[in-house]
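# Architecture at a glance
Listed below, chain by chain, are the residues.
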Amino acid sequence: MRNLKKSIGSLDAEAAAKLVAVTTDIAVLVDNEGIVRDYSIGSENLSRHSDFASWVGKPWIDTVTVESRPKIQQLLVDAGKKQPAPWRQVNHPTGGTNDLPVRYSAMR
């Protein structure tokens, strides 16, 4: 999008949150300390894979497998830059035999 302001105007926080929620499978709102403050799940089927509500109040890094933690750390670092972070696939444990793979990008 070359001219975002011209394309969609000035969005308030609520409108921006709704836009993110309807255009993603999983959206996670993380504060400056990396703590999950809110989330949105785009499909009922996906919500069966994990207890997303349990993420709220926890460090985002604690919601992923040990192997995925460096990727979450890098996403948090990259979120502070002017450009959105590159996509990274991380795995969330589900309590079952399979992890839930999710591709995330991050932005301030």
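Residues numbered from 1 in each chain as written. Predicted model: local features only at pLDDT ≥ 70, side-chain atom pairs only at ≥ 80, totals over all residues. Heavy atoms only, no water.

Okay, the pairing of strand E2 (residues 36-41) next. The pairing of strand E1 (residues 26-30) with E2 spans five bridges and is classified as antiparallel. Residue Leu-29 lies in a different strand from E2, and its bridge partner there is Asp-38. Where E1 hands over to E2, the hairpin turn is made up of five residues, of which Gly-34 adopts a positive phi near 85 degrees. (Pairing = 2+ DSSP bridges. Helix = DSSP H or I, 4+ residues; strand = E, 2+ residues; numbered from the N terminus.)

Note on placement: His-49 falls in the loop between helix H3 (44-47) and helix H4 (69-79). The spatial distance from the C-alpha of His-49 to the C-alpha of Gly-96 is 9.0 Å, given a sequence separation of 47 residues. In contact with His-49, other than residues within four places in its own chain, are Thr-94 and Leu-100. (Contact = heavy atoms within 4.5 Å.)

What follows concerns the pattern of salt bridges. All chains considered together, the criterion is met by four salt bridges. One salt bridge in this structure joins Arg-69 and Asp-62, with 3.5 Å as the shortest N-O distance. Assessed through its relative accessible area of 31%, Arg-69 is described here as partly exposed. Residue Asp-78 pairs with Arg-88 through a salt bridge whose shortest N-O separation is 3.4 Å. Taken together, the residues span a long stretch of sequence, with Asp-78 in helix H4 and Arg-88 in strand E3 (residues 88-92) at a distance of 10 residues. When its relative accessible area of 6% is taken as the criterion, Asp-78 is described as buried. Of the residues examined, Arg-88 reaches a relative accessible area of 24% and is grouped as partly exposed. A single network of salt bridges, built from pairs that share partners, joins Asp-78, Lys-81 and Arg-88. (Salt bridge = Lys/Arg side-chain N within 4 Å of Asp/Glu carboxyl O. Buried < 20%, exposed > 50% of the residue type's maximum accessible area, 1.4 Å probe, protein only.)

Let's shift gears to H4. Among all positions of H4, only Ile-72, Leu-75, Asp-78 and Ala-79 are buried. Within H4, the buried residues cover an arc of 125 degrees as seen down the axis, which keeps them to one side. Next to the buried residues of H4 lie E3 and strand E4 (100-104). (Arc of directions from axis to C-beta.)

What follows covers the nonpolar core. Formed by 17 residues in total, the largest nonpolar core has its most connected members in Ile-26, Trp-60, Ile-72, Leu-75, Leu-100 and Tyr-104. When contributions to this core are tallied by element, the ones reaching two or more residues are H4 and E4. Once you skip the residues sitting within four places of it in the chain, Leu-100 turns out to touch Ile-26, Leu-46, His-49, Phe-52, Val-90, Asn-91, His-92 and Thr-94. (Core = buried A, V, L, I, M, F, W, Y, C linked by side-chain atoms within 4.5 Å.)

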